[in-house]
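# Coordinates in review
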Amino acid sequence: MHITVYLGASCGTDPHLAQAVRELGAWIGAAGHTLVYGGSKTGLMGLLAQSALAQGGSVIGVEPECFMAQELQYQLIVTRSMAERKAKMIQLGDAFIAFPGGTGTLEEITEVMSQVSLGQLSAPCILYDLDGYYRHLKALLDHMISAGLSSPERQRGIHFARSLSEIQALLS
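Notes on the structure follow. Nothing here was measured: the structure is a model prediction, and the numbers come from that model.

A few words on the pairing of strand β7 (residues 158-161). Direction of pairing for strand β6 (residues 125-128) relative to β7: parallel, over a ladder of four bridges. Across the sheet, the residue bridging to Leu 127 is Phe 160, located in β7.

To continue, consider the side chain of Thr 4. Along the polypeptide, Thr 4 turns up in strand β1 (residues 2-6). On the basis of relative accessible area, Thr 4 is assigned to the buried category, the value being 0%. At 3.1 Å, the side chain of Thr 4 and the backbone oxygen of Met 89 are in polar contact. In contact with Thr 4, not counting residues within four places along its chain, are Val 36, Met 89, Gly 93, Ala 95, Phe 96 and Ile 97.

Let's shift gears to the packing of aromatic side chains. If you walk through the whole model with that rule in mind, you get two aromatic pairs. Considering the side-chain rings of Phe 99 and Tyr 128, the 5.4 Å spacing of their centres and the 85 degrees angle between planes classify their relative orientation as edge-to-face. On the criterion of sequence distance, the pair formed by Phe 99 in the loop between β5 (95-98) and α4 (103-117) and Tyr 128 in strand β6 is long-range, its members being 29 residues apart. A relative accessible area of 3% places Tyr 128 in the buried class. With 5.0 Å between their ring centres and 85 degrees between their planes, Tyr 133 and Tyr 134 make a pair best called edge-to-face.

With that settled, the discussion passes to the layout of surface pockets. For the second largest pocket, the calculated volume is near 210 Å³. For the lining of the second largest pocket, the secondary structure elements donating two or more residues are α4 and α5 (135-146). Per-class residue counts for the lining of the second largest pocket are seven nonpolar, five polar and one charged.

Here we take up the packing of helix α1 (residues 15-30) against helix α2 (residues 43-54). For the pair α1 and α2, the least separation of the axes is 7 Å and the interaxial angle reads 35 degrees. Viewed along their axes, α1 and α2 form a crossing whose handedness is right-handed. In this structure, α1 contributes Leu 17, Ala 18, Val 21, Arg 22, Leu 24, Gly 25, Ala 26 and Gly 29 to the contact, and α2 contributes Leu 44, Leu 47, Leu 48, Ser 51 and Ala 52.

Okay, α2 next. With 12 residues, α2 should cover 16 Å at 1.5 Å per step; its first-to-last C-alpha distance of 17 Å lies within 8% of that length. Burial analysis of α2 places nine of its 12 residues in the buried class, the great majority of the element. Those residues of α2 that fall on the buried side of the exposure criterion are Gly 43, Leu 44, Met 45, Gly 46, Leu 47, Leu 48, Ala 49, Ser 51 and Ala 52.

With that settled, consider the side chain of His 33. Relative to the helices and strands, His 33 is located in the loop between α1 and β2 (34-37). With residues up to four places along the chain from it excluded, the contact list for His 33 reads Met 1, Ile 3, Trp 27, Ile 28, Gly 57 and Ser 58.

Conventions and cut-offs
Here the residue index of a chain counts from 1 through its sequence in written order. The predicted origin of the model limits local features to residues at a pLDDT of at least 70 and limits the giving and counting of side-chain atom pairs to 80 or more, whereas totals for whole chains, interfaces and linings rest on all residues. Neither water nor hydrogens contribute to the side-chain values; these are computed over all heavy atoms in the structure. A pair of strands is treated as paired once DSSP finds two or more bridges between them. Counting from the N terminus, the helices are the DSSP runs of H or I reaching at least four residues and the strands are the DSSP runs of E reaching at least two. The rule is simple: take the accessible area with a 1.4 Å probe, protein chains only, and divide by the maximum for that residue type; under 20% is buried, over 50% is exposed, in between is partly exposed. Each polar contact in these results corresponds to two N or O atoms within 3.5 Å; when the atoms are within protein, one needs to be able to donate a hydrogen and the other to accept it, and residues that are neighboring in sequence are counted only if both atoms are side-chain atoms. By definition in these notes, contact holds between two residues if any of their heavy atoms fall within 4.5 Å. Stacked, edge-to-face and tilted are the three classes for Phe, Tyr and Trp ring pairs, Trp counted by its six-membered ring, which pair at centre distances within 6.5 Å; planes under 30 degrees apart are stacked, over 60 edge-to-face, the rest tilted. Computed over the protein atoms alone on a 1 Å grid, cavities are sets of points where a 1.4 Å probe fits but cannot get out and pockets are open sets with protein on both sides within 12 Å along at least five of seven lines; a residue lines them when it has an atom within 4 Å of a point. Grid points are joined across faces, edges and corners, and a volume is the space filled by probe spheres set on the points. Under the scheme applied, nonpolar residues are Ala, Val, Leu, Ile, Met, Phe, Trp, Tyr, Cys and Pro; charged residues are Asp, Glu, Lys and Arg; polar residues are all the others, including Gly. Angular values range over 0 to 180 degrees, each being the angle between N-to-C directions of two axes fitted as lines to C-alpha atoms, with helices fitted over their stretch in contact. A crossing counts as left-handed when the near helix is turned anticlockwise from the far one by less than a right angle, and as right-handed when that turn is clockwise. Helix span, as expected, comes to 1.5 Å for every residue beyond the first.

Note that all results are geometric; they support no functional claim without further evidence.
Structure (structure tokens):
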């Protein structure tokens, strides 16, 4: 399975993020899955890719050419723009995970969430709610339903997982 993971190229301030991302990457690699991610060797992205590779997994980075001069990458698909990067990462993915991240992570996973809710994508969309990171987004999605602007059926493929074991259960 190709698992697309959205996350940042920085490490953040919580050391638990690094531990959790290493565990996620190790599981992806050990389970024989292919990691599809943003392509960076730095920050959480780098830790995820290193952990997947260390367990024998395959890694595919997708990065716009504007970042090429800034960093070193693993196996890489170069796109002309961020829009092409998003489309390519969705095309390559069989499942999608948003690890805690910044606005870029949020923007990328909401594209997946939208396609899932519209029935244009039939793949699991998982927000890794590590330490409650995405609880406010979950509350917003619930509010959309209560306001009659969405429905449980539209959000059926959008999942929140609090642990790696919950992610594994959703993908098995």
